[in-house]
Each structure stands twice: as C-alpha cells, then as structure tokens.
Amino acid sequence: MFALSGEVARTQLSTVPAPKGFRWRASIPRSNLVAVRHLRHLARACTAPHRIAVSSVVAAWLIGACTPNTDAHRVAAVTTDVSLLTLYIGPGGGQTRQLIATPRDGNGAALEGRTVTWASLSPSIVSVSPTGLVTALSLGSASITASSGGAQGAVSVTVVPVPVGTVSIAADSIALQRSPLAAGSLALGVQLRDSAGVALAPRPVFWASSAPDIAAVSAAGVVSAVGNGEAIVRVSVESATDSVVVTVTATDDLPDGFDIAIASVRWTQGSQNELGNIPMLLGGRDAAVLVTLSSPSELSVDDEIELRILDGLGAVLWADTLSARVEAGTASMLAPNVEFLVPSAVLRLDRSWQVRRDPRGLLADADADTDVYPADPQPLDAIDPPPLRIRFVPISLTSHGGATGDVDTGNVEEYLRLVRQIAPVGPIEVEVGPTFVTSTSFGTPPSGGEGSFWIPVLSQLDQARVASPTHSDWYWMGVVRPPSGFNFTAFGGYGYIPALGSSYGAGTRTALVVQVGWFNYEPGTRELVIHELGHNLGRFHAPCGSAAGPDPSFPIADGRIGDGGNDTWSFQQALTARAYPVAPNTGDVMGYCSPKWYGAYNYEGIVTFRGSATVTLMAGGTRRDLLYVTGETDGRSISLLPPRSMMGVPSTPDPSGGWTAIGLDAAGAELFRFPFALARWDHELERRPIAVGVPLDETLRERLRELRVVGPGGLGASLTLP
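Summary of the structure given here.

Here is what the cut-offs are and how they apply
- Residues numbered from 1 in each chain as written.
- Predicted model: local features only at pLDDT ≥ 70, side-chain atom pairs only at ≥ 80, totals over all residues.
- Heavy atoms only, no water.
- Helix = DSSP H or I, 4+ residues; strand = E, 2+ residues; numbered from the N terminus.
- Buried < 20%, exposed > 50% of the residue type's maximum accessible area, 1.4 Å probe, protein only.
- Contact = heavy atoms within 4.5 Å.
- Areas by Shrake-Rupley, 256 points an atom, 1.4 Å probe, with all protein chains shown as cover.
- Polar contact = N/O pair within 3.5 Å; in protein donor to acceptor, adjacent residues only side chain to side chain.
- Pairing = 2+ DSSP bridges.
- Axes fitted to C-alpha atoms, helices over the stretch in contact; angles between N-to-C directions.
- Parallel < 35°, antiparallel > 145°, perpendicular 65-115°, else oblique.
- Left-handed = near helix turned anticlockwise from the far one by under 90°.
- Nonpolar A, V, L, I, M, F, W, Y, C, P; charged D, E, K, R; others polar.
- Salt bridge = Lys/Arg side-chain N within 4 Å of Asp/Glu carboxyl O.

A separate point is the overall build of the protein. Regarding its fold elements, the protein presents eight helices and 50 strands. Within the protein, buried positions represent 45% of all 722 residues. Relative to all contacts within the protein whose residues are 6 or more apart in sequence, the contacts with residues 24 or more apart total 66%. Surface accessibility of the protein: about 34,500 Å² in total, with carbon and sulfur atoms responsible for 53%.

A few words now on the side chain of Asp-365. Relative to the elements of secondary structure, Asp-365 occurs in the loop between strand 27 (352-357) and strand 28 (372-379). Judged by relative accessible area, which is 15%, Asp-365 ranks as buried. Engagement of the side chain of Asp-365 in a polar contact is seen with the backbone nitrogen of Ile-260, the distance being 2.9 Å.

Looking now at the pairing of strand 39 (residues 510-514). Each regular strand displays side chains that alternate between the two surfaces of the sheet. Taken across its five residues, strand 39 has five buried, putting it largely inside the fold. The two faces of strand 39 match: Thr-510, Leu-512 and Val-514 on one face and Ala-511 and Val-513 on the other face are all buried. Where strand 36 (residues 475-480) lies against strand 39, five bridges are found, and the strand directions are parallel. The residue bridging Gly-478 from the neighbouring strand is Leu-512, located in strand 39. Sheet analysis places strand 38 (residues 493-497) next to strand 39, joined by three bridges and oriented antiparallel. Looking at the pairing, Gly-495 lines up with Ala-511 of strand 39.

Bringing the sheet that holds strand 27 into the picture now. Adjacent strands of a sheet pair through backbone hydrogen bonds, lying either parallel or antiparallel. Taken together, four strands build an open sheet; the order of strands is 24-23-27-28 and the sheet is antiparallel. Of all the strands in the sheet, just strand 24 (316-324) and strand 28 have a single pairing partner and so form its edges. When strand polarity is set aside, the average angle formed by the axes of neighbouring strands in this sheet is 15°. In this structure, strand 23 (residues 303-310) lies alongside strand 27, joined through six bridges in antiparallel fashion.

Axis separation between helix 2 (residues 412-422) and helix 4 (residues 524-536) bottoms out at 7 Å; the angle between their running directions is 55°. What the angle tells us is that helix 2 and helix 4 run oblique. Pair helix 2 / helix 4 crosses with right-handed handedness. From helix 2, Glu-414, Tyr-415, Arg-417, Leu-418, Val-419 and Ile-422 reach across to helix 4, where they touch Thr-525, Arg-526, Glu-527, Val-529, Ile-530 and Leu-533. Classifying every residue of the contact of helix 2 with helix 4 gives seven nonpolar, one polar and four charged.

Turning next to the pattern of salt bridges. Tallying each qualifying case throughout the model produces 28 salt bridges. Taken together, the shared-partner salt bridges in this structure form one network comprising Asp-303, Arg-357, Asp-365 and Asp-371.

This brings us to the pairing of strand 36. When you tally the buried positions in strand 36, you get six out of six residues, the bulk of the element. Side chains of strand 36 alternate between two faces, with Tyr-475, Met-477 and Val-479 and Trp-476, Gly-478 and Val-480 buried alike. By the bridge criterion, five bridges tie strand 30 (residues 388-397) to strand 36 in an arrangement that is parallel. Counterpart to Arg-391 in the pairing with strand 36 is Trp-476.

Looking at where Thr-440 falls in the secondary structure, it is placed in the loop between strand 33 (436-438) and strand 34 (443-444). Each residue touching Thr-440, except ones within four places of it in the same chain, is listed here: Leu-397, Ser-399, Ser-452, Phe-453, Pro-456, Val-457 and Gln-460. A polar contact of 3.1 Å, which involves the side chain of Thr-440, links it to the side chain of Thr-438. Among the polar contacts listed, one links the side chain of Thr-440 to the side chain of Gln-460, at a separation of 3.2 Å.

Scope: geometric values only; no functional claims are made or implied.
Now the structure itself:
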C-alpha cells in the first residue's frame, strides 16, 4: 500500500510473489483520486520524450519526472570579434591582439557564464593564451579556434613583416670613372628601418636610374658607369624611397704607352709539343687554335681576337672573331685568352693563317706591330695522311666450342670511340670482316690468355691479312671472346710493332684484343684497341703501370703525358665549350695507367710514322707469289718454321734492318738475298718475331733447296727444303 500526501511518496512495492490465484493491487484512497487525475494531466502536458505513463506501479515518482525544455540554454555557436587578423613581426618581436569570443544559443543570444577554450593550429607562427591573447611568433598564416559547449569559432591570422618606414642609401652622391682599365662600378647598400626607427632585416628593394645610358643600375644595386654625365639612382621598397646622384666621366682610350700583345698561338688536334711544330692532319679532324695575350694590367672591357685563314693569293677564305678577357701578365696555354675551332674542311696544304688583335680598332694600344701574329701570314703546317683503314675480325676458337668474338656493324663504333677521340690520324675507314677460325687453345680455365695463345693466333691472322687480295694494307684487329669458364686473361691483347710505317708486309698491321664487355672496367677494350693500334703504328710501351719493355726515350719518367694535351674532339662534337686541357698527370695511352691520353711524344711519333707511308704505298702493292718465312729469335738463337708458299704483298726491303733472308740452290749458289728488319711483339722483352714475305718466281720455286736467316753478329739459322 502507498498513499499520496502532498507529493508522490517513493515507495517500493513488495516483491513477494502473490499466492497462486491472487494478484497484487495498489489501492488508492478515494481522497487521493483527484491528485492522481492531476498527475495524469501533467503527464499529457509533458513533451513526448519526457511523458510519464501514470500507472499504479510508477505513480510514486511521477511528480518531478517531467522536466522543462532546455534548448534555450544550449551553446549553438561561438562568435569572435574578428574573423581575419593581420599581425606584424619585426626585430622587437611580434605584435599581440586580444580576441573576444561569445558563446550563443540557437537564437543567437549570448550565453553568460560559459567556458571558452582557445587553441592555435600553428603554434610556431602564432600562440594564444587561455584568455585569447594572440602573439605573432614567425611569418606565415595560422588559424585560432575558440570552443565552448561543443561549438567552435575560428580566426584566420596572417603574420607579416613590420612595414618599412624609411630606406636610406649610404651616400647622397658618388662619382664613377669608366675606362678600359677601370670597371667604373659600385655596389650600393641600403638601410631599412620601421616607423619607430628600428633597423629591419634586408628585404627586396627596387632600383632605377633616371639615365641608364650614363649610369646603369642592376637589380642588386650595382651602379655601372656607361657614359659621361649625371644620373639619379633611386631605390624604393613599399612606400619608402631614397636616391643618390651619380656623376660619371668615361673614356674608351687606353693610357699612353699601354700595349696589349699577342704572346703566342698554338695549333692542336689533341696534343702539341712545346715548340708547337706537330703538324695538323687533314681529312676529318677540326683544329683548335689557342691564343694567349700579354698585358701590363687587367682590362675592364673585353678585347677582340680574330683568326684568318687565307688562300695562296692572300684572300681571306675563313675568319672568326672572339671576345677575350684580358688579365694582367701573360696567359698560359692551360688557360688561353681565346680558343678557336677551325673546321676540318677549311684546312688545306696551300693555305696560311694569321691572328689579329682589335680588328675593328676599338681598343687601340701603343704598338700596332704586336697586334698581329705572325707579322706575315704563316703557311699552315699540315700533312695529308692516307686514310686509316681498320678491319675488325671476329676470332672463333674451335678448341672451345666455337667461342667467337662479339664484333659487328652494330657495335663496332664502341671499339673505335677512343681512337676517334685521341688517335693522331686523319680520316678513318672501318669494316667488319668474316670470322677467322683457329684451333689454338686459350688455355686451361679459369686462367688463360698467355703469350702461347696470342702469338700463334696473331701469326695466323697476319698471314691471312698478307694473303688478302683486297685488305692487305688495312690494319686488322682480331676480336677474341674468352671462353666460358675463364675469368682471367694474362694479356688483354697482342700486336706487332713494325719497323717501317710504309710497310704492310708480314709482321706489321695485325693485332688482337679481348671483346668489348668482357672486362669489368667498361673502357677496357676501347683502351686496348687504341693501345694495340699504337703498337702497329710503331710505338713502344710508355713507362706507366709496369708496362713491359718501355720506350727508353720516353721523356717523362713515370709515363705521364705532361703539358700539351687538349680535348679538341669534345670541342668539335660540341660536348664542351672549349678544348679543355688534359691533366698533365694523365697516363700515356701506350702505358698501363688510367685515364689515358696521347702525350706529345707518342702523338708526334705516330704522325711521323704515318707520314712516311705515302699514298701510293698505302693504296696497295702488287700481289704476287711469296715465300712466307716465319720464326722467332731471342737474340742468342734463331728458330725457323717451314716456309709457306702463298699469294700476297711482299715485305718492304730494308737494307738498314740488320737481318737478311738468303735462298740457296742444291749446289749452295745464292738465289736471292732479301734484307729486312725485325718487328716486335709488344709484350715480349727478348723474343722477337721473324716474319718476311720474299718474292717467289718459278726459278726460285724449282731451284730453292736451302733457306737461311742471318742476323747481327753472325747469328743465323737454316732450313733444308724438299
């Protein structure tokens, strides 16, 4: 039982279960029925979410369960006194600003007594205190938020430098002079301050001249003298400005007695000696002409240098003019004042050249004679060599499953890259010949490539060259692929070193190299090609990297190139802006050091060697029957192989060679006497090849019974022929 008296009494109904057939009932005294009806009326008046169904079970707590509507007291939005704010920052720190935030209900009315939380989304740019005080810390943009009761407002803040109040140039007026010896320029500085006079950090300023033809000013504030007169140079930044008066006096004349002279001129196509007398090679390579000047002091203006190429009558066929920076003293060939590139088509034997300084007369000096070099046009020092013809030949090794050197028309230029860049030759012709087969063993894996492989294959390929009806005068470069299982080769190549440049008989123009791509060192084969070709062109090893049998006449003890190298090929190919000098400590290509270049000594040696090979000789000789004599000597004994009868080009007789091949008949009568010089193998210190092709006619073929080879000091050997 419970009763209502003034307010609903909260009474726990009994939880004791009713006896079977009974049920609990709440009895309300009749005097309280009016109150119950009143509670039900209140329940219906409540809003739906808060209605209470009055029953005999819950009536005890109905009063007070129906609460009033609270939407008018909830925070619907937060507003701030500003939405966009700009603050300044300067040497004295950042500007501050107090923000005000107001929580509001759904009707926009301000709500009192609500807590506001402030936050900066970029605290490194602006900070905000718990009360909304914003402080600028660094340049940039940031957002400040004000939060209350689940609602939020925001202020966008931009921090910018404090405005410039004044800009000041250090001087009110300056005087400049311009002459060939004086630059006539001055860099102006400025001081920036804010409205309170506090110095500001540098910021972009803008310069202008009232008369640029008198005094020009750069964006960096450098004032340059141009012509006589007066100009006003003004600087501005934001709304602040300042100016300076610039007075200029100018002259284009050199002082009395001042002389600029052409000190030296050097022609080069890759390497040049100190005398500058290595001739140019016609037929394919451009020439670089390096000019140095001598001057008492530095010039503030550029000089002009002109190179002229003239015909036999003195008419100018080609000319080029370049600007030259003139320093005090005499320039060196490592850093010449100008470098001309003369096209190969302009180079001819019947032409001359001359260099002139200041060809337009804009910078006249005290001595006109030193402005021309040489005083009279100089004939072009050049030779017209025959084409360098190279035939690459794949070598097939039958004793190793037919492993064949990888060279064809698609990759042959990879073998030639260094040859084209630095070899002292004229035009180059190249082709790939048919595969040459040999049964000679490369060795036993994993190490091979000893002289016992290279020398027999070299001799076999050389005989094929001499016997060739169309290519005996070409340089043959056999290409070897080390067989599978070999990871080391004692030698990367082998070649003959002939005694005469004009000869293309036995033991002259044949070499062998390992194929491109076999070495881990990518340029390896390219260096081998030019190295072995250098041997075929008469050059010995340079004493660099412990090369065997170095040239005793090499002028630099450690086999370096020294001064005089210039990369004219890269200049010609437009890969560089000039013919850059090659470092003097670069290894000569005939040694074993890297990187490699032809020094003047070997460069000149090849030019001379090829110069002895006339066009007539190089174009091909008369092929005929030969007695091809081969063998070797160590200087103490001679070993001869049975001679071979073949068609080919005879060797060139060399009476000064010190060796003689002699043929005798059965009675001992002399049938022929053929003088020759021994060639060399490039890796052998004592052993030297005997290879000579002696003309053979029918009389010799029928009567020849004994062959003798005689060397210096009575050294000799003989073979009895069937």
